[in-house]
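Structural description and commentary
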Amino acid sequence: KAGVTQTPRYLIKTRGQQVTLSCSPISGHRSVSWYQQTPGQGLQFLFEYFSETQRNKGNFPGRFSGRQFSNSRSEMNVSTLELGDSALYLCASSLDGTGPLNTDTQYFGPGTRLTVL
Amino acid sequence: AQSVTQPDIHITVSEGASLELRCNYSYGATPYLFWYVQSPGQGLQLLLKYFSGDTLVQGIKGFEAEFKRSQSSFNLRKPSVHWSDAAEYFCAVGVYGNKLVFGAGTILRVKS
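What comes next is a walk through the structure. (Residues numbered from 1 in each chain as written. Chains lettered and ligands numbered in written order. Predicted model: local features only at pLDDT ≥ 70, side-chain atom pairs only at ≥ 80, totals over all residues. Heavy atoms only, no water.)

Comments concerning empty space enclosed by the protein
On inspection of all chains with the given rule, the structure shows 1 cavity of 30 Å³ or more. Each pocket or cavity is described by its volume, and for the largest cavity that value is around 50 Å³. Lining the largest cavity are 11 residues, with N102 of chain A together with F34, G97, N98 and L100 of chain B positioned closest to its centre. Those elements that place two or more of their residues in the lining of the largest cavity are β5 (32-38) and β11 (99-102) of chain B. (1 Å grid on protein atoms, 1.4 Å probe; cavity = no way out; pocket = protein on both sides within 12 Å on 5 of 7 lines; lining within 4 Å. Points joined across faces, edges and corners; volume = space filled by probe spheres on them. Helix = DSSP H or I, 4+ residues; strand = E, 2+ residues; numbered from the N terminus.)

Quick look at the interface of chain A and chain B
In this assembly, 26 residues from chain A lie in contact with 20 residues from chain B. Carbon and sulfur atoms supply 54% of the area that chain A and chain B bury against each other, a total of about 1,900 Å² over both sides. Counting the contacts that link chain A with chain B gives 0 salt bridges. Linking chain A with chain B are 10 residue pairs in polar contact (both at pLDDT 80 or more), by the criterion used here. Breaking the side of chain A that touches chain B down by element, the ones donating at least two residues are β4 (31-38), β5 (42-50), β6 (53-57) and β9 (87-94) of chain A. Tallying contributions element by element places β4 of chain A first for the side of chain A that touches chain B, with 4 residues. Looking at the side of chain A that touches chain B residue by residue, the classes come out as 9 nonpolar, 12 polar and 5 charged. (Contact = heavy atoms within 4.5 Å. Buried area = accessible area lost by both parts, 1.4 Å probe. Salt bridge = Lys/Arg side-chain N within 4 Å of Asp/Glu carboxyl O. Polar contact = N/O pair within 3.5 Å; in protein donor to acceptor, adjacent residues only side chain to side chain. Nonpolar A, V, L, I, M, F, W, Y, C, P; charged D, E, K, R; others polar.)

What to know about the packing of aromatic side chains
All told, the structure shown has 16 aromatic pairs over all chains when counted by the stated rule. An aromatic cluster of three or more residues is present, and its members are Y35, F45 and F108 of chain A together with Y32, F34, Y36, F51, F90 and F102 of chain B. The ring of Y96 of chain B is capped by R55 of chain A, whose NZ or CZ atom sits 5.3 Å from the centre of that ring. (Phe/Tyr/Trp six-rings, centres within 6.5 Å; stacked < 30°, edge-to-face > 60°. Lys NZ or Arg CZ within 6 Å of the ring centre and 35° of its normal.)

Things to note about the pattern of salt bridges
Residues and elements named next belong to chain A. Summed over all chains, the structure comprises 10 salt bridges over all chains. E75 is paired through a salt bridge with R67; the nearest N and O atoms lie 3.2 Å apart. On the accessibility criterion, R67 (46% relative accessible area) is partly exposed. Several salt bridges share partner residues, and in doing so they unite R63, E82 and D85 into one network. (Buried < 20%, exposed > 50% of the residue type's maximum accessible area, 1.4 Å probe, protein only.)

Describing the layout of surface pockets
If you add up the space inside the largest pocket, you get close to 380 Å³. Forming the boundary of the largest pocket are 18 residues, of which Q37 and P39 of chain A together with Q38, E88 and F90 of chain B lie nearest the centre. Mapped onto the lining of the largest pocket, the elements with two or more residues apiece are β4 of chain A together with β10 (87-96) of chain B. Among the elements that make up the lining of the largest pocket, the one with the highest residue count is β10 of chain B (3 residues). Taken as a whole, the second largest pocket encloses approximately 320 Å³ of empty space. What lines the second largest pocket is a set of 18 residues, and nearest its centre among them are L43, Q44 and F45 of chain A together with K99 and V101 of chain B. Looking at the lining of the second largest pocket, the elements with two or more residues in it are β5 of chain A together with β1 (3-5) and β11 of chain B. Taken together, the residues that form the lining of the second largest pocket break down as 8 nonpolar, 8 polar and 2 charged.

Written as structure tokens, this is what we have:
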């Protein structure tokens, strides 16, 4: 079974631009979560989607948004990029997400390395 | 608020020596706890998880962790470290749905 795939793997943008990152979950998985990883702030939760609905949101400005499609693929968008948005963006998928705390294993993709100049 | 503390930023152990990575959590209810490993340039791989039951949890690659509610700890152990275990290790607590709160990570160096 193929793992979680993220495209592109590397991206260079300039301040003020916008960017869209894509995540394809493992086949059959319906929940997709996004995390930002930086040396200074570590791993921080961005949002979670389940069955095309945003189920959970972290503490990030409105410039960060996401969506999920009917095939469970997800995209996240960052508008008006800032230097501080340079990070590794990780996507994780799991089979389900219907409970208050999900016991399904989350599988992480390799990430998209975004550099903002 | 929920939080995870990994007191050690770096740890160096000799190949073949035992390993213990510390993790303390702050969470009001029974926690869902996880240990992940990240190799350079890679995503996170789940080593083990604890939800309930036996407080000693076995994971992949010979790792185990023990949940101690009285100490709010979930330390990761391995009896004999291999050079391939060099990586960064993250402890995490599940807070709602699939949201995880991670610790800052511990970088493990293995010397031969």
